[in-house]
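Read off the chains here:
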Amino acid sequence: MSAPLSELLRLNSSGGTALQEEMQELERDLLDVGLQAEPRSCCAALSEEQAKQIRLMTASEQSPVLEAICHCLDEHSKLAGGGQLLTSEDSPIQNLMKFLYLDPQRAKEKVFLFSLYGLVLRECVDTALVKRYLTRLLDLSHQCAPQREGIALAMGLASTSHLEVVWATLEHLGRTRFLRSALRDGQESDPDLRWKWVSSTSLLCYGQMAMHAKEKILPWVDNIASRMVYYFSSSSRDETLKGSFLSAAMMLARSLRQEPGTQNYRFSQIPELVQCLLCVLQQEPNFPGSVFRQKAILVIAELSKLRPHLKPLVKARVLHVCFRSVFELPPADPQAAPEVTTLYKETLCALHLLLRTFLSEDMGVNEVCFLLQHTEPWLRSDRSHERQRVVQCIFRLLQYVVDSLKFAVSALHSGLGEDSGQEGAMPSALGHHVGLLTLLWCDKEETTRKYSQQCVTLLLQLTVLQRAGRMAVSMRLSKLKQSEIRASRDWEVKLYSAVKAFERDLTVAQHTQLVLTLLPGLCSHSRLSCDLASKLLLLMFEGPGLKPEQVAEVLQSLFQQLPHIPLPHVQQDAMRAVTVLGTQHPQETVEVVLSLCHPSERRTLPLWKALATNHQLACKVITLLYMKLKLRPPRGLTRPSSQTQLISLLALGTIYELLYTQEYRQTIHWAFAGILLGLLTQLHYLFELGVVEDVADYQEDILDSKPLSPFRTCLEAVKGLFWTTSYWEVFAYIQLLQGWALLERPDTYGEGVSLLARAMVQYDCEVKAVLGQAVISLKSMEERDNVVAILLLTEFLNSAEVFQQASRKKMDTLLNLGLGHCNQLVRAMSLKGLSSTTMHPKKVFLLRNRLAGLLDSFLRPDTKDLLGLMGILGDILHRLGLQGAGSASIKLAQHLLSLFEDEREEVRSGAIFLFGDVIDSGSRKFRQAFKTLAFQAVVPLLLHMADPCPTVVTKSKSTLLRCALLLKWEFRKELFGKLAWGRGPGAENDIFVYMVESNFGKYPQFLLQALVYLKSPHRPLKLAAMKFIGALLQDYFPELCFYLRKGDLPVIKRYLEPLEQDPDAACRRFYRNFVEDITELSRSVT
């Protein structure tokens, strides 16, 4: 507790208030009634003169008196049915009555005899005599309750003068009778019932000792308490033992309460005694009319005042047991007896007294929070009566605390002036309690709703009293009272005023705890609770908003709750809250979401989607992820065990997932250039870290079977960037050429990036934007950034947009700077760029002349090095770029078409690939001529997909797609899918359909082109041609009849008739199957 607040409380306690007087009166009433346990003694009936007469008796005179009383008590114990003892007029006891001038009839009262016995022992000065008759007293029967209480009363009276003797006698009793009984317990019952309940008598004796020893008791308290604990713990806990123990504890508590010097002592056995009292509470029946419950709580409250105070763990157990014993009682029965109702109310009052006792140690918010935290199980209870009870209890407690502090503040104002003091420490847990009580505002019980709202108001007042300076207290309290949460009848206005009060009066830590408490309310089985939590959270997020330091805890908690929210509209509200949070604190939000789980688990995808609700926020998210991707510590600063947790790798995994998230498609397209540069640079960085796995361990068709490695994630992200942004042609170009494999190895990485850039230029894929990013990267201090940038820039020089981004002079400057770079690849690519036709347009004329000369050699039938020539021709075409080769390219394409059927597989492969480059390099002037050539090539390319050479198959697929793109077929993307991943007859049929349906009316041309391959020396090509022709005849027979010309029939027969005598059975079978179709086709055309 802070110094100013302690001062306030001291002033409050010294001045005294009506509230304190009320508390003291309540305490007196409860303790005087509840702790009254001493049987009515005859001591008060004896005058001082009679006591003096006993005191004046000698030991020899006192001995017969004690003997007579003991005899009478023994006779009393033998009477059955509670009959009265008959004594003659000249009996010793009657003589004693006459001597003391007492009524003879009182000798028949057992309580009177015990009291008189104890009084005589008290006044006796002979220690031996006292010891002997104490032993005689304890040898009486312990069977009935009045007998045990009487023995204890006499022992207590004797302890007033002979405390040590009484203690020693009880110790002897414990070592003999009780120990013997305890050893027998559980084996067989004691045959002598006189000693069965000796432990109960001992407990009562210790209690009476505490009552009668008065000021001498303080040094003995720990001894007495330890013996009480021992007897209680070692005996069979029946109702008799519990009653005796509780009576003894009450007598001890009352005696300590009445002793003024109690606070000067430190007692060590009180926690053990409290534990025993808790056992009594736990064993109480679940019935509101129990007397033991109230008394046990009262005793615990009284013992808790002693020094040292109970430790937090003991207090926590006390609170839990007491709360459970009271709050979990059955609901109140309207027809219950008035005594039961009264007793229940007194039990609640005793519980409140216990809480006040704990608060008396420290009237600060920390102690209040400590008490409140133990009420949580019942605030969350499914039973309405338990929630109602605990809320009412909290209200009484908070009302007491707030009123006490208000009076303290008032006293300080009047006594200490108006200068402001320091603020007290504010525990964050208070926000948690505010949240718990706030969730009860929608409880089905009106009483619970009302008290929970009042409790929240009181807690806010408590924060004002604890935090505000002395000059501001009155003003703050007045303001709070005017805007009290319960004041408004309109529900929405009430919630809004509550949110404003929370923001104004709670610290940031408390407000965080409030939000963290409301979040689980979203998962409540009660629709009302879900709606309340949802509305409050939205108001908190949208209104005042959260502080940056709150974001981490709040988002982490929300992430944990999301899977358990049962109502769809509440889930939507939660996502709205995430959107608001991201809008207010984008950087903190992105960092937290990145840390929640590994991106491959995809459990954070709902949060990322919520952050893409509006385009502006989505752009911020992607930008922040790009910036995180660039946080690449050098290899020497990373450990292998922590590499997967690098922030750049988490950002990489997230970008990969967002590529395939519909909500981010537009944003990914917007950030295409930055993401591409970032991913390509990340690949280079992963090479540096050495985290590239073996390519042989990777299978493309099982991406979802297990989490991808960082390198594989990065490479798949590069692929996905093109596939998901409608630049699938670039993806297809690389895929069909198996170019992605080039990016998997450091030694071919540069070649792979160049091939990718070439495809981007070919299909006009964000060249201008990527070029701008590349120019920026060239100026970076990181070598890997320079490498990626120069590889892209060199290829982009072949694009028409290159000088829209940078002038030729600027580009020349950049490339010249690269010549002095420390990296050999950067130097080489810079030199290549400087020597390009873009930078030196005059080279176009020279290259075209060179191409014409090489073309003449290439067209000669006796050319020997066709492969070398094709390589040189392809390189020249690439260097010419947009300028093109002019009309020479048409001649080149025509000749390449004839080389598709060359016997050498490497020639076929080279010709097919170069054919694709030629038709893509032509200018618009020759576009129609290239379309004609592409149409002539599609059937040969399709059939060469069955070529025995795998390289020819690969190149045929790639060039077929390039022809389809040039001819603008329908289903181009679907065609690529089948070319890249299709397998079996189904894929072959789909490719056939895509091709034929995209060329309406061109069926005869396809048929005539395929007929040539019936004479192919390669059987796979021959079989593929028969399959293609058969499909045309079966599926498009009417169209062939319509479009086929009469002059085409002889050609068809010339190629088909030789099959009848072909040595290959498949060919003969094909002829037999379709000869009738050919005949019918001839009749239809004729």
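None of the values given here were measured: they were computed from a predicted structure.

Quick look at the overall build of the chain now. Looking only at helices and strands, the chain features 54 helices and zero strands. Out of the 1086 residues belonging to the chain, those deemed buried represent 57%. Of the roughly 47,900 Å² of accessible surface on the chain, 52% is carried by carbon and sulfur atoms.

Time to look at the confidence of the model for the chain. Low pLDDT means the predicted coordinates in that region are not meant to be read closely. Overall, the predicted model of the chain reaches an average pLDDT of 84, with 86% of residues at or above 70. The element-level mean pLDDT for the chain is lowest in helix 1 (residues 3-15), coming to 35, with helix 15 (residues 312-327) highest at 96. The model gives residues 186-190 a pLDDT under 50, and that stretch makes three contacts with residues more than four places away or in other chains. For the stretch residues 412-424, pLDDT sits under 50, and the model shows 22 contacts to residues farther than four places along the chain or on other chains.

It is the contact of helix 28 (residues 586-596) with helix 30 (residues 615-629), at a shortest axis distance of 10 Å, that shows an interaxial angle of 60°. Between helix 28 and helix 30 the crossing geometry is right-handed. Along the contact surface, helix 28 presents Pro586, Gln587, Val590, Glu591 and Leu594, while helix 30 presents Lys620, Val621, Leu624, Leu625 and Lys628. The class makeup of the residues in the contact of helix 28 with helix 30 is six nonpolar, one polar and three charged.

Positionally, Thr512 belongs in helix 24 (residues 508-518). Overall, the relative accessible area of 4% leaves Thr512 in the buried class. In contact with Thr512, other than residues within four places in its own chain, are Gln550 and Glu553.

In this section: the environment of Gln94. The topology assignment puts Gln94 in helix 5 (residues 92-99). Residues Gln94 and Arg106 lie twelve residues apart in sequence; the distance between their C-alpha atoms is 9.7 Å.

Before going further, it helps to examine the environment of Lys1053. Counting through the fold element by element, Lys1053 comes out in helix 53 (residues 1048-1056). Sequence separation between Lys1053 and Thr1079 is 26 residues, and the spatial gap between their C-alpha atoms is 9.5 Å. Those residues within four positions of Lys1053 in sequence are excluded, and the remaining contacts are Pro1058, Ile1078 and Ser1082.

Further remarks concern the packing of aromatic side chains. This model, assessed by the stated rule, comprises 36 aromatic pairs. Their ring planes at 80° and their centres at 5.4 Å tell us that Phe672 and Phe722 sit as a pair that is edge-to-face. Here the residue Phe672 occupies a position in helix 33 (residues 672-689), and Phe722 occupies one in helix 34 (residues 710-724), the gap between them amounting to 50 residues. For Phe722, a relative accessible area of 0% translates into the label buried. For the ring pair Phe731 and Trp740, a centre distance of 5.6 Å and an interplane angle of 40° mean the geometry is tilted. Each of the two residues, Phe731 as well as Trp740, counts as buried.

Before going further, it helps to spend a moment on the pattern of salt bridges. Tallying each qualifying case throughout the model produces 42 salt bridges. Taking the shortest distance from any N to any O, the salt bridge between Glu361 and Lys315 comes out at 3.3 Å. Taken together, the residues Glu361 in helix 16 (residues 338-361) and Lys315 in helix 15 connect sequence positions 46 residues apart. Overall, the relative accessible area of 26% leaves Glu361 in the partly exposed class. Three or more residues joined by partner-sharing salt bridges are found here, namely Arg712, Glu716, Lys719 and Glu744.

Mapping Ser63 onto the fold places it in helix 4 (residues 59-78). We classify Ser63 as buried; its relative accessible area is 16%. Polar side-chain contacts of Ser63 include one of 3.4 Å to the side chain of Arg132.

Within the secondary structure, Met945 sits in the loop between helix 46 (927-943) and helix 47 (950-967). Taking the relative accessible area as the measure of exposure, Met945 reaches 19% and is therefore buried. Residues Met945 and Ser956, spaced eleven residues apart in sequence, show a C-alpha to C-alpha distance of 6.0 Å. Sequence-distant contacts of Met945, defined by excluding residues within four places in its chain, comprise Val953, Ser956, Lys957, Leu960, Leu979 and Ile991.

A few words on unusual backbone geometry. A cis amide bond, omega -5°, links Arg307 with the succeeding residue Pro308. Look at Ser726: it is not a glycine, yet its phi comes out positive at around 70°. Within the fold, Ser726 resides in the loop between helix 34 and helix 35 (728-736). In this model, Glu766 sits at a positive phi of 50°, which is unusual for a non-glycine residue. Mapped onto the elements of the fold, Glu766 is located in the loop between helix 36 (749-762) and helix 37 (767-778).

Before going further, it helps to spend a moment on helix 48 (residues 972-981). Burial in helix 48 covers these residues: Leu975, Phe976, Gly977, Leu979 and Ala980. If you follow the buried residues of helix 48, they end up packed against helix 34, helix 35, helix 47 and helix 49 (984-997).

What counts and how
- Residues numbered from 1 in each chain as written.
- Predicted model: local features only at pLDDT ≥ 70, side-chain atom pairs only at ≥ 80, totals over all residues.
- Heavy atoms only, no water.
- Helix = DSSP H or I, 4+ residues; strand = E, 2+ residues; numbered from the N terminus.
- Buried < 20%, exposed > 50% of the residue type's maximum accessible area, 1.4 Å probe, protein only.
- Areas by Shrake-Rupley, 256 points an atom, 1.4 Å probe, with all protein chains shown as cover.
- pLDDT = per-residue confidence, 0-100.
- Contact = heavy atoms within 4.5 Å.
- Axes fitted to C-alpha atoms, helices over the stretch in contact; angles between N-to-C directions.
- Left-handed = near helix turned anticlockwise from the far one by under 90°.
- Nonpolar A, V, L, I, M, F, W, Y, C, P; charged D, E, K, R; others polar.
- Phe/Tyr/Trp six-rings, centres within 6.5 Å; stacked < 30°, edge-to-face > 60°.
- Salt bridge = Lys/Arg side-chain N within 4 Å of Asp/Glu carboxyl O.
- Polar contact = N/O pair within 3.5 Å; in protein donor to acceptor, adjacent residues only side chain to side chain.

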